[in-house]
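Take a look at the letters that make up each chain.
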Amino acid sequence: MTIIVCDAAYEYTAGVRALDGVSLTIASGEALALVGENGAGKTTLAKLLNGLLRPSQGSVEVEGYDTRARTTAQLSRHVGFVFQNPDDQLFARTVQAEVAFGPRNQRLTEAEVEARVAIALAEVGLADEAERHPYDLAVPERKLVALAAALAMHTPVLVLDEPTIGQDARGVERLGALVDRLHAEGRTLITITHDLDFCLAHFERVVVMAGGKILADGPASEVLSQTDLLAQAQVEPPQVIQLAQALGWGEVPLSVMEFADIYAERKARL
Ligand SMILES: Nc1ncnc2c1ncn2[C@@H]1O[C@H](COP(=O)(O)OP(=O)(O)OP(=O)(O)O)[C@@H](O)[C@H]1O
Ligand SMILES: [Mg+2]
């Protein structure tokens with residue numbers, strides 16, 4: 001399952017390019033983070049991937065099919081999408097019904113639907129909230145309901161638009177563990193995030209966007225240590241990387257633990 005975006009552009013308003021000539025290939029099983037300033041075009045690009053939007057120039061191919069030749073319903077079986085704002089996504093009267101909607105549309109048996117809902121809710125930590133109305137939950141929890149709804153679809157590709165916003169430390173940790181598990185299972189994960197620590201800890205590839213274009217695309221440790229390039233996209237490098245650079249290290253630590261390991265090695269060498 002590969003996604004090929006070829007010279008794609010998108011205009012919400014005629015003559016104003018929210019996305020401007022973007023080309024990107026995402027291989028099956030990749031964990032890719034999309035970062036960049038507000039209004040860079042990240043959400044627009046993500047919406048092109050599951051057919052919520054179709055390119056006004058260029059093409060987007062999912063599993064060998066041009067998205068213009070597929071319905072949004074067809075594409076939603078391949079590419080799950082969790083909106084930046086859960087209120088754009090949720091519509092059911094209970095958390096249970098919300099999460100069951102997708103699997104039920106896949107014509108699974110009721111027992112399978114129930115099993116998927118139970119597992120998805122447990123994965124996001126909302127097992128006890130199944131009977132609640134989604135709008136009785138706080139926004140961060142609503143966002144987890146939307147995530148559970150996407151998880152229950154078992155799509156090979158999952159797009160998460162700003163999953164960590166509003167989540168507390170435990171929530172971010174749970175999301176990180178979930179991303180790692182899905183990645184290990186071979187699912188393709190595309191996450192838009194302003195949380196560079198989350199990005200560094202869980203994503204191997206980083207794409208930086210600004211002004212509707214891609215500025216950089218490469219391994220997380222390489223992209224996230226290019227301070228000048230990140231500044232162009234109003235992105236601040238993760239603090240462990242900034243610290244390593246300030247100390248004049250050539251190594252790029254990907255976590256606090258890695259930083260500590262490099263420090264210990266350097267000290268031992270003295
Ligand atoms: N529905 C819309 N109608 C008109 N313009 C829009 C619409 N949605 C987005 N835009 C514009 O398109 C451009 C790209 O927006 P997009 O939402 O893709 O950016 P983003 O990188 O996701 O930003 P953020 O980090 O703020 O979510 C921005 O200039 C934005 O104002
Ligand atoms: Mg956005």
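Above this text is the structure in question.
Residues numbered from 1 in each chain as written. Chains lettered and ligands numbered in written order. Predicted model: local features only at pLDDT ≥ 70, side-chain atom pairs only at ≥ 80, totals over all residues.

(A) Broad picture of the environment of G212. When you line up the elements, G212 lands in the loop between β9 (205-210) and β10 (213-219). Among the residues examined, G212 registers 22 C-beta atoms within 10 Å and is labelled buried. Separated by 171 residues in the primary sequence, G212 and G41 have C-alpha atoms spaced 4.9 Å apart. Not counting chain neighbours up to four residues away, the residues in contact with G212 comprise R17, A18, L19, D20 and G41. (Helix = DSSP H or I, 4+ residues; strand = E, 2+ residues; numbered from the N terminus. Buried ≥ 20, exposed ≤ 12 C-beta atoms within 10 Å, placed from the backbone. Contact = placed C-beta atoms within 7 Å.)

(B) Quick peek at the sheet that holds β9. The six strands lie next to each other as β6-β7-β8-β3-β9-β10, forming an open sheet whose pairing is mixed. This sheet does not close on itself; its edge strands, each paired only once, are β6 (79-82) and β10. Across the sheet, the mean angle separating the axes of adjacent strands is 15° when strand polarity is ignored. In this sheet, strand β8 (residues 188-192) lies alongside strand β3 (residues 31-36) in parallel orientation, the contact comprising four bridges. Each residue of the ladder has a partner; that of A33, found in β8, is T191. Strands β3, β6, β7 (157-161), β8 and β9 of the sheet are contacted by helix α1 (residues 42-49), whose axis makes an angle of about 155° with β8. Contacts from helix α5 (residues 139-151) reach β6 and β7 within the one sheet, and its direction differs from that of β6 by about 175°. (Pairing = 2+ DSSP bridges. Axes fitted to C-alpha atoms, helices over the stretch in contact; angles between N-to-C directions.)

(C) Quick peek at α1. The buried fraction of α1 is high, at seven of eight residues. Those residues of α1 that sit buried are K42, T43, T44, L45, A46, L48 and L49. Looking at the residues trailing α1, positive phi occurs at G51, about 80°.

(D) Molecular detail of the pairing of β3. The buried fraction of β3 amounts to six of the six residues, a majority that puts the element mostly inside the structure. Where burial is concerned, the two faces of β3 agree: the one with A31, A33 and V35 and the one with L32, L34 and G36 are both buried. Where β3 lies against β9, five bridges are found, and the strand directions are parallel. Within β9, the position partnered with G36 by the bridge is M209.

(E) Focus on unusual backbone geometry. A positive phi angle, near 60°, is found at R107, a position not held by glycine. Examined against the element boundaries, R107 turns out to sit in the loop between α3 (95-105) and α4 (110-123). Non-glycine residue E162 carries a positive phi angle of around 55°. Mapped onto the elements of the fold, E162 is located in the loop between β7 and α6 (169-184). By the C-beta count within 10 Å, which is 18 here, E162 ends up partly exposed.

Everything listed is a geometric property; what it means functionally is a separate question.
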